Amino acid sequence: MKAFVLRSYGSPDQLDLTDVDEPVPADDEVLVRVGATSINPYDWHFMRGQPYVARLMAGGVGLRGPKIRILGCDMAGQIEAVGQSVTEFSPGDQVYALLPQGGFAEYVSVQQSLLAPMPKNLSYEQAAAVPMAAITALLGLRDQGRLRPGQKVLITGASGGIGTFAVQIARALGAGVTAVCSTPNAELVRSLGAGEVIDYTAQDFTRQGRRYDVLLDIAGSHRAQASVRALKTNGTFVAVGGPAGRWLQPAARMFAALALAPLVSQRMVLTDTVRSGEHKRHLATLTELIEDGKVTPVIDRNYPFADIPAAIRYQEQGHARGKVVITT
Ligand SMILES: NC(=O)c1ccc[n+]([C@@H]2O[C@H](COP(=O)([O-])OP(=O)(O)OC[C@H]3O[C@@H](n4cnc5c(N)ncnc54)[C@H](OP(=O)(O)O)[C@@H]3O)[C@@H](O)[C@H]2O)c1
């Protein structure tokens, strides 16, 4: 089968489109013909081996070279074959998953415990946009943020991959949404349900004098000390992401928010989607929201499989309007 194999840490030029053996599913795995995948910052952090601090961490990207050779954590596709002990799925089923690796390939072998049936009203491309970004939005708002109906949430980075899901999920949870984005994306976030928009090129949300119950900080544009000014005294700050750096960022900014906790009245928490587990259950929740018409993936660009390096180059610039997806 064709796959993009990462030679060594570096730019998208390190990804070789090459022939590799088709994976053979273990007893509890299924073989999926990948219909589509999508690009996440997670993929290019692994590709570049950055921030460097991640090379030193247990469960990190790999010290001397990339631990993962076939990247791609989002996947939607059709089951080709199932292992002996697989009871939940059959060949022909359409599924999606948040994978540890392997989505940038024609086939991937996946444990059945990670797979969820694909929403019936989505294409492969739309479904592949969902796992990493939408699970992160769901965990940040519902679990870490404990967002309740009638509360007010401020979402930074609202026009990006996670943000476009977050605006819709916050509305589905019954909250009032203020979205922080740049001028060209104001209409997009309003169309997704944001009642108010703060244009970050003209206004600073930390100096508006308005206070929210929850701040879902996807963009990480301000230090947490400044951001908490936009929270009620009993509000919750949820660190999700921030500008990437070579040595420490965005991890350092997120942990700095946690370190502030003893000094402020607000709850300071962070979202860690990969380590949170239970992705299958979260996908089932998202499937319900999607099939009910409450959440619809926003696709910025769709690239063919051979153009995965170009898709990563675009996503890495940090200005996608929704998700960047790949048709396999
Ligand atoms: N904690 C976790 O478990 C977890 C999981 C997945 C991802 N992440 C992190 O979450 C972050 C976002 O991921 P993503 O996939 O949503 O990225 P993305 O698709 O590139 O979106 C980033 C968005 O941020 C906006 N933005 C940039 N500067 C901003 C500012 N000053 N104020 C408000 N918005 C601004 C951009 O909009 P403009 O074009 O208007 O600038 C863009 O829409 C990354 O740091 C990623 O590493 C964390």
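Attention here is on the structure that accompanies the text. (Residues numbered from 1 in each chain as written. Predicted model: local features only at pLDDT ≥ 70, side-chain atom pairs only at ≥ 80, totals over all residues. Heavy atoms only, no water.)

## A word on the overall build of the protein chain
Where we set the bar: To qualify as a helix, a DSSP run of H or I must reach at least 4 residues; to qualify as a strand, a run of E must reach at least 2; elements of each kind are numbered from the N terminus. Based on C-alpha atoms, the radius of gyration is set beside the globule rule, defined as 2.2 Å times the residue count to the power 0.38. Note on exposure labels: buried denotes an accessible area under 20% of the residue type's maximum, exposed denotes more than 50%, and partly exposed covers the range between, all computed with a 1.4 Å probe on protein chains only. In what follows, residue pairs with any heavy atoms lying within 4.5 Å of each other are defined as contacts. Accessible surface area values rest on a Shrake-Rupley calculation with a 1.4 Å probe, where residue burial reflects the displayed protein chains alone. The charge count includes Lys and Arg as positive and Asp and Glu as negative, but it does not include His or the ends of the chains. We put the charge of a Lys on NZ, of an Arg on CZ, of an Asp on CG and of a Glu on CD.
A tally of helices and strands in the protein chain yields 11 helices and 15 strands. By the compact-globule yardstick of 20 Å for 328 residues, the protein chain fits well, its C-alpha radius of gyration being 19 Å. Here the protein chain, with 328 residues, has 52% of them falling under the buried criterion. Within the protein chain, counting contacts between residues at least 6 apart in sequence, those at least 24 apart form 66% of the total. Carbon and sulfur atoms provide 51% of the accessible area of the protein chain, an area that totals close to 14,000 Å². In the protein chain, 32 positive and 30 negative side-chain charges are present, and the distance between their average locations comes to 12 Å.

## Description of the site of the ligand
For clarity, the threshold we go by: Note on definitions. A residue lies near a molecule or strand when any single heavy atom of the residue is within 4 Å of it. Whenever a nitrogen or oxygen atom comes within 3.5 Å of another N or O atom, the pair is scored as a polar contact, on the condition that within protein one atom can donate a hydrogen and the other can accept it, and that pairs from neighbouring residues in sequence are kept only if both atoms are in side chains. Note that Gly is not counted as nonpolar here; it falls among the polar residues with everything else outside the nonpolar set of Ala, Val, Leu, Ile, Met, Phe, Trp, Tyr, Cys and Pro and the charged set of Asp, Glu, Lys and Arg.
The environment of the ligand is formed by 27 residues, the closest being G161, S182, Y200, T271 and H319. Side-chain polar atom of Y200 to an oxygen atom of the ligand: 2.4 Å apart, as the coordinates give it. A distance of 3.3 Å is found between an oxygen atom of the ligand and a backbone nitrogen or oxygen belonging to A320. Protein burial of the ligand: of its 930 Å² of free accessible surface, 86% is covered by the chains. For the shell around the ligand, the elements supplying multiple residues, two or more each, are α1 (41-48), α4 (131-144) and α5 (161-172). Of the residues in the shell around the ligand, the class split is 10 nonpolar, 16 polar and one charged.

## Section: the packing of α4 against helix α10 (residues 279-291)
The description of two helices packed together rests on the angle between their axes and the distance between the axes. Keep this limit in mind: Between the N-to-C directions of two axes lies an angle of 0 to 180 degrees, each axis being a line fitted to C-alpha atoms and, for a helix, fitted only over the stretch in contact. Any angle that is under 35 degrees is reported as roughly parallel, and any over 145 degrees as roughly antiparallel; angles of 65 to 115 degrees are reported as roughly perpendicular and all others as oblique.
Direction vectors running N to C along α4 and α10 enclose 90°, while the axes themselves pass 10 Å from each other. With respect to their mutual orientation, α4 and α10 come out roughly perpendicular. Along its contact with α4, which presents P131, A134, I135, L138, L139, R142 and D143, the element α10 presents H279, H282, L283, T285 and L286. Classifying every residue of the contact of α4 with α10 gives seven nonpolar, three polar and two charged.

## A closer look at the packing of aromatic side chains
The condition is simple: Ring pairs are drawn from Phe, Tyr and Trp, using the six-membered ring of Trp, whenever the two centres fall within 6.5 Å, and their geometry is named by plane angle: stacked under 30 degrees, edge-to-face over 60, tilted for the rest. Note on geometry: a ring has a charge over it if NZ (lysine) or CZ (arginine) is within 6 Å of the ring centre and within 35 degrees of the ring normal.
The final tally for this structure, using the stated rule, is two aromatic pairs. We note R33 situated over the ring of Y107; from NZ or CZ to the ring centre the distance is 5.5 Å. The ring of Y314 carries the charged tip of R301 above its face, separated from the ring centre by 3.7 Å.

## Quick notes on the packing of α1 against helix α11 (residues 308-316)
Look at α1 against α11: their axes get within 10 Å of each other, and the N-to-C directions meet at 105°. Put simply, α1 runs roughly perpendicular to α11. Of α11, the residues touching α1 (which contributes P41, W44, M47 and R48) are I312, Q315 and E316. Of the residues in the contact of α1 with α11, the class split is four nonpolar, one polar and two charged.

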